[in-house]
Amino acid sequence: MALAIVGLVFLSLSNGWHLNVNQLWFLISALAQAIFFVFNSRLVQKIAILPLICVQLLCTGTQASV
């Protein structure tokens, strides 16, 4: 996450600081993916395999539809 933010800062500082909509979407999606990875790695040990597959498909379908 920190590397993504630093990369966006370097890309945005060519003509001063201007945050575009696409950069904001990139930050939001990177944050959502990081939260999903942390959430998934902590719960994968406690959930049976079939409900885990359903959660992963739900999250993937939700992200793909946006």
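None of these values were measured; they are calculated from a predicted model. (Residues numbered from 1 in each chain as written. Predicted model: local features only at pLDDT ≥ 70, side-chain atom pairs only at ≥ 80, totals over all residues. Heavy atoms only, no water.)

**Q** I'm lost on the overall build of the protein chain in this one. Help?
**A** Within the protein chain one finds three helices and zero strands. Element order for the protein chain, N to C, with α for helix and β for strand: α-α-α. A compact globule built from 66 residues should have a C-alpha radius of gyration of about 11 Å, whereas the protein chain, at 16 Å, is more than 25% larger. C-alpha atoms of the protein chain, sized along the principal axes, occupy 50 × 25 × 10 Å. By residue count, 9% of the 66 residues in the protein chain fall in the buried class. (Helix = DSSP H or I, 4+ residues; strand = E, 2+ residues; numbered from the N terminus. Rg over C-alpha atoms; globule rule 2.2 N^0.38 Å. Buried < 20%, exposed > 50% of the residue type's maximum accessible area, 1.4 Å probe, protein only.)

**Q** Can you walk me through a nonpolar patch on the surface in this structure?
**A** A grouping of Leu19, Val21, Leu24, Trp25, Ile28 and Val66 is seen on the molecular surface, where their side chains present a nonpolar patch of about 640 Å² in accessible area. Residue position: valine 21 is located in helix α2 (residues 21-43). (Patch = residues over 30% accessible without salt bridge, like charges linked within 9 Å, V, L, I, M, F, W, Y side chains within 5 Å. Areas by Shrake-Rupley, 256 points an atom, 1.4 Å probe, with all protein chains shown as cover. Salt bridge = Lys/Arg side-chain N within 4 Å of Asp/Glu carboxyl O.)

**Q** Help me understand the confidence of the model for the protein chain, please; the structure alone is not making it clear to me.
**A** Per-residue confidence for the protein chain gives a mean pLDDT of 82, with 92% of residues at or over 70. Confidence, expressed as mean pLDDT per element, reaches its minimum in the protein chain at helix α1 (residues 2-12) with 76 and its maximum at helix α3 (residues 49-65) with 87. (pLDDT = per-residue confidence, 0-100.)

**Q** Help me out: how do you make sense of the packing of aromatic side chains in this one?
**A** Each aromatic ring pair is characterised by the separation of its centres together with the angle its planes make. This model, assessed by the stated rule, comprises one aromatic pair. Taking the centre distance of 6.1 Å and the plane angle of 45° together, the rings of phenylalanine 36 and phenylalanine 37 count as tilted. A residue is classified by how much of its surface remains accessible, and phenylalanine 36, at 16% relative accessible area, is buried. (Phe/Tyr/Trp six-rings, centres within 6.5 Å; stacked < 30°, edge-to-face > 60°.)

**Q** Explain the packing of α1 against α2 here, please?
**A** When two helices pack together, their arrangement is given by the angle between their axes and by how far apart the axes lie. Packing of α1 against α2 brings their axes to within 11 Å, and their N-to-C directions diverge by 170°. When the axes of α1 and α2 are compared, the pair comes out roughly antiparallel. Of the residues in α2, those in contact with Ala4, Ile5, Leu8 and Ser12 of α1 are Gln23, Phe26 and Leu27. Classifying every residue of the contact of α1 with α2 gives five nonpolar, two polar and no charged. (Axes fitted to C-alpha atoms, helices over the stretch in contact; angles between N-to-C directions. Parallel < 35°, antiparallel > 145°, perpendicular 65-115°, else oblique. Contact = heavy atoms within 4.5 Å. Nonpolar A, V, L, I, M, F, W, Y, C, P; charged D, E, K, R; others polar.)

**Q** Looking at this structure, I do not really get the packing of α2 against α3. What am I missing?
**A** As a packed pair, α2 and α3 sit with axes 12 Å apart at the nearest point and diverge in direction by 175°. Comparing their axes, α3 and α2 come out roughly antiparallel. Facing α2, whose interface residues are Gln33, Phe36 and Asn40, α3 presents Leu52, Gln56, Cys59 and Gln63.

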